[in-house]
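Structural overview for review
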Amino acid sequence: MDYVVYGIITGCILIIASIGFSMVWKTENFLNIAHGQLLLIGAYMAYLFKSVLNFPFALAMVCSVIATAVLGLLLAKVFYFPVRKSGILVLLFTSIGLSWIIYGVIQAIVGPEIRTFGLETSKMIDVFGRQIMSAQELFIIVVSLICVIALHFVLTKTKNGKGFRAMAENRDLAQIRGINSRQLSNYVWLISSGLAGLAGILLAMTGTLNMELGWQQILIIMSVVIVGGMGNIYGTMLAALIIGLSMDISTVVIPTSYRTAIAFVIVILVLLIRPQGLSRGGTA
Amino acid sequence: MDILVFLSGLIALGGIYAMLAVSLNVNGGMLGLWDLGVVGYFAVGAYSYTLLTHDSPGLGMPMIAGVIGSVVITGLLSLFIGYTSLRLQSEYLLITTFAFAEIIRIIAANEEWLTNGNIGIFGLDRPFQDFIPGTIYMLFFAGLVLVVLAIYYVFAQKLADSPMGRYMRAIRENEQVTQSIGKKIFATKLKVFILSSCMVGLAGCFYVWYMSIIAPNMFTSAITFTVWTALVLGGMGNNRGAVVGAFVLILVQEATRFIPVPAEYSILLAGLRQFISGLMLILVLRFLPQGLIAEKFKSVEKLLNFQQNSMIIEPKGGRRNAAS
């Protein structure tokens, strides 16, 4: 039962981490490897606000998410937008280069030691007399649920959300119909980077902050997005839960160190059996 | 003397990366396969060599058998990986190969009975170790690496000029058209993929000799990215570019390692190294999308010299970017 809870938490964090990646893939058509490093930025920003500037944790989180979102948009404007016309391979390698840069800068600033947020262990929540999860874990689940629901409403109810879905389907056609794709892609980068920052913070809450966090997560994020099917956002959510659950439940039968290998086995199997992913294209 | 040892070490490491870049150029550059699994075959080559030649754990076979064995094992494994994944296109292939490489590393880190886990295996023998005094061994080894690199280079160059090479570039430029003139796409991809992986596997043996230890953390995905960065820096689809890119990148990364600085700056310097590699990659992509040395279409040029009044326009700078 514990494993299911862990799996759900891993899945929730993965949802937040992958949606941004998936949105960027859908609108810009390239794999943004630097997305993993945005998780790292988010986590260390929160550390900066919480432990260095002594903000309360909630405020530190909000500040860090906003800072990461703005930074992500700036980085995209400086590094990606000028080479957009050169094709996806150039964009892909630019994002790898950007990952090295972000990694290098953060490494130079914080050094190799492993840190934590230093949150006091929260008390367990009893349900029917059994201890299910800690308040922190509940918090993670609630935050990601709020994100998912908010995102759903933004995408289906607001003008920009509908514009995003149109742009994801066919960028040229959307532009012809008068959708301001430049402005929209700014929003996409903001949301995507902000979500990445949030995912980084949540991830660091469950474990520790270390430099390899970005590189480790980007592999799993890519697996989730592929399993979910070509940037389909609802498919991505489902895939994140499936991969999160199977990673944690698998530890019952196989050694814990093979946990991440499960994600990769799933993605290989999905690509071989059902290359279009769990759910085919469709609406955003 | 110290500077000589350092320089030959640098050349040896640069040479090993250049070998990797040339091998990657065969399938990544010329055939256009987005293969992010380089480190996987590298690790398999290195581990199978070690396990074949080392006494315990391992079979204690002679060195030459180990080298041949490692190439064969890498080839067989890449046959499996290639057969399962090469039907996939671009990004999907990229992620699948990446996933395979990660699985290989995770297995190497966890199967302690086979690989001694994260601790790794120490004190491995190097070729001709008994005949060459330790002080100049690195010099000899750098020479050995350069000789093998030259063989790699000549081989890849011959391959690029052969009908097979033209046909590989045809697949890269337009798969459907190549298929329509009756060429077997999948079989070619598989052949080239296996060839390239075997070359990477052999480079793995040299890496083991260079490090004289083997451990799973030597085979992180950073190696894959470094090799790709080297290839993109030097110019894709171009063997000379691959070699130049690898040496430039290793020089930049390793040269800063030996600048005498106070200990508190060493972390800063480590970060700076990553920063410079990334910045180099981005700047090259932005301003020289074909890399330091652009790919030349030798056969097309010959054709043009032959028929001066031809209507074919020679490919110029902007015609082909690295994306195609």
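These figures come from a predicted structure and were not determined experimentally.

1. Section: the overall build of chain A
Along its length, chain A carries eleven helices and two strands. Secondary structure of chain A in N-to-C order comes out as α-α-α-α-β-β-α-α-α-α-α-α-α. For 284 residues, the compact-globule estimate of 2.2 N^0.38 gives 19 Å, and the C-alpha radius of gyration of chain A, at 19 Å, lies within 12% of that figure. Its C-alpha atoms give chain A principal-axis dimensions of roughly 60 × 45 × 35 Å. The 284 residues of chain A split such that 50% are buried. A fraction of 75% describes how many contacts in chain A between residues 6 or more apart in sequence connect residues 24 or more apart.

2. Section: the overall build of chain B
When its secondary structure is counted, chain B shows 13 helices and zero strands. Reading chain B from its N end, one meets helices and strands in the order α-α-α-α-α-α-α-α-α-α-α-α-α. For chain B, the proportion of its 324 residues judged to be buried stands at 45%. Across chain B, the fraction of contacts at a sequence separation of at least 24, relative to all contacts at a separation of at least 6, is 78%.

3. Quick word on the UniProt feature "transmembrane region" (unreviewed entry) in chain A
Residues and elements named next belong to chain A. The UniProt record marks residues 6–25, 30–49, 55–76, 88–110, 138–155, 187–206, 218–245 and 257–274 with the feature "transmembrane region" (unreviewed entry), using the residue numbering of this structure. For residues 6–25, the end-to-end C-alpha separation is 28 Å, with 100% helix and 0% strand making up the annotated structure. Annotation note: span residues 30–49, helix share 75%, strand share 0%, distance between end C-alpha atoms 32 Å.

4. Re the interface of chain A and chain B
Each side of the interface is counted separately: chain A has 40 residues, and chain B has 36 residues. Counting only elements with at least two residues in the side of chain A that touches chain B, the list comes to α4 (88–110), α9 (213–228) and α11 (259–273) of chain A. Looking at the side of chain A that touches chain B, the element that brings in the most residues is α4 of chain A, giving 16 residues. Tallied by class, residues from the side of chain A that touches chain B come to 29 nonpolar, eleven polar and no charged.

5. Observations concerning helix α5 (residues 135–157) of chain A
An α-helix turns once every 3.6 residues. As a result, residues three or four positions apart point the same way. Taking 1.5 Å as the rise per residue, α5 of chain A with 23 residues should run 33 Å; its terminal C-alpha atoms sit 32 Å apart, in good agreement. Considered for burial, the residues of α5 of chain A that qualify are Glu 137, Ile 140, Ser 144, Leu 151 and Leu 155 of chain A.

6. Brief notes about the packing of α9 of chain A against α11 of chain A
The packing of two helices is summarised by the inter-axis angle and the distance between the axes. Residues and elements named next belong to chain A. Across the interface, α9 lies against α11 with an axial gap of 9 Å and an inter-helix angle of 30°. Classed by the angle they form, the pair α9 and α11 counts as roughly parallel. Read as a crossing pair, α9 and α11 show a hand that is left-handed. Contacts from Ile 220, Ser 223, Ile 226 and Val 227 in α9 reach Thr 260, Ala 263, Phe 264, Ile 266, Val 267, Val 270 and Leu 271 in α11. Among the residues forming the contact of α9 with α11, the class breakdown is nine nonpolar, two polar and no charged.

7. Concerning helix α9 (residues 185–211) of chain B
In this model, α9 of chain B (27 residues) spans 39 Å end to end at C-alpha, consistent with the 39 Å of a helix rising 1.5 Å per residue. Trailing α9 of chain B by a residue or two, Ser 212 of chain B shows a phi angle of about 55°, which is positive.

8. A word on the nonpolar core
In this structure, Ala 43 and Val 267 of chain A together with Leu 20, Ala 21 and Phe 42 of chain B are the most contacted members of the largest nonpolar core, which totals 182 residues. Not counting chain neighbours up to four residues away, the residues in contact with Val 267 of chain A comprise Ser 223, Ile 226 and Val 227 of chain A together with Ile 95 and Ala 99 of chain B.

9. So, the confidence of the model for chain A
Do not read the fine detail of predicted coordinates wherever pLDDT is low. When pLDDT is averaged across chain A, the result is 82; 91% of the residues are at 70 or more. In the model of chain A, strand β1 (residues 124–127) of chain A stands out as the element of lowest mean pLDDT, 66, in contrast to helix α3 (residues 57–80) of chain A, which has the highest, 90.

10. Quick notes on the packing of helix α2 (residues 38–53) of chain B against α9 of chain B
All names here are of chain B. One can describe the packing of α2 onto α9 by two numbers: an axis separation of 7 Å at closest approach and a directional angle of 55°. Considered as vectors, α2 and α9 are oriented oblique to each other. Seen from above, α2 lies across α9 with right-handed handedness. Between α2, through Val 38, Tyr 41, Phe 42, Ala 43, Val 44, Gly 45, Ala 46, Tyr 49 and Thr 50, and α9, the contact on the second element is made entirely by Ser 197, Val 200, Gly 201, Leu 202, Ala 203, Gly 204, Cys 205, Tyr 207 and Val 208.

11. A look at the environment of Ser 18 of chain A
All names here are of chain A. Structurally, Ser 18 can be placed in helix α1 (residues 2–28). For Ser 18, a count of 30 C-beta atoms within 10 Å translates into the label buried. Expressed as a C-alpha distance, the spacing of Ser 18 and Leu 209, which sit 191 residues apart in the sequence, is 19 Å. When near neighbours in sequence (up to four residues on either side) are disregarded, Ser 18 contacts Ile 221, Val 224, Val 225, Thr 236 and Ala 240.

12. Digging into the UniProt feature "transmembrane region" (unreviewed entry) in chain B
All names here are of chain B. Under the feature "transmembrane region" (unreviewed entry), the UniProt entry names residues 6–26, 33–52, 58–80, 92–108, 136–156, 192–210, 241–259 and 265–288. For residues 33–52, helix accounts for 75% and strand for 0%, while the C-alpha atoms at its two ends are 31 Å apart. The span residues 136–156 is 95% helical and 0% strand by assignment, and the distance between its end C-alpha atoms comes to 30 Å.

13. Observations concerning the environment of Gly 117 of chain B
All names here are of chain B. Along the chain, Gly 117 falls in the loop between α5 (112–115) and α6 (137–161). Given 15 C-beta atoms within 10 Å, Gly 117 falls into the partly exposed group. Distance from Gly 117 to Pro 216, taken between C-alpha atoms, is 7.4 Å for residues 99 residues apart in sequence. In this structure Gly 117 touches Ala 109, Asn 110 and Glu 112, once residues within four positions along its chain are discounted.

What counts as what
Residues numbered from 1 in each chain as written. Chains lettered and ligands numbered in written order. Predicted model: local features only at pLDDT ≥ 70, side-chain atom pairs only at ≥ 80, totals over all residues. Helix = DSSP H or I, 4+ residues; strand = E, 2+ residues; numbered from the N terminus. Rg over C-alpha atoms; globule rule 2.2 N^0.38 Å. Buried ≥ 20, exposed ≤ 12 C-beta atoms within 10 Å, placed from the backbone. Contact = placed C-beta atoms within 7 Å. UniProt positions renumbered as here; feature names shortened; annotations may be inferred. Nonpolar A, V, L, I, M, F, W, Y, C, P; charged D, E, K, R; others polar. Expected span 1.5 Å × (residues − 1). Axes fitted to C-alpha atoms, helices over the stretch in contact; angles between N-to-C directions. Parallel < 35°, antiparallel > 145°, perpendicular 65-115°, else oblique. Left-handed = near helix turned anticlockwise from the far one by under 90°. Core = buried A, V, L, I, M, F, W, Y, C linked by C-beta atoms within 7 Å. pLDDT = per-residue confidence, 0-100.

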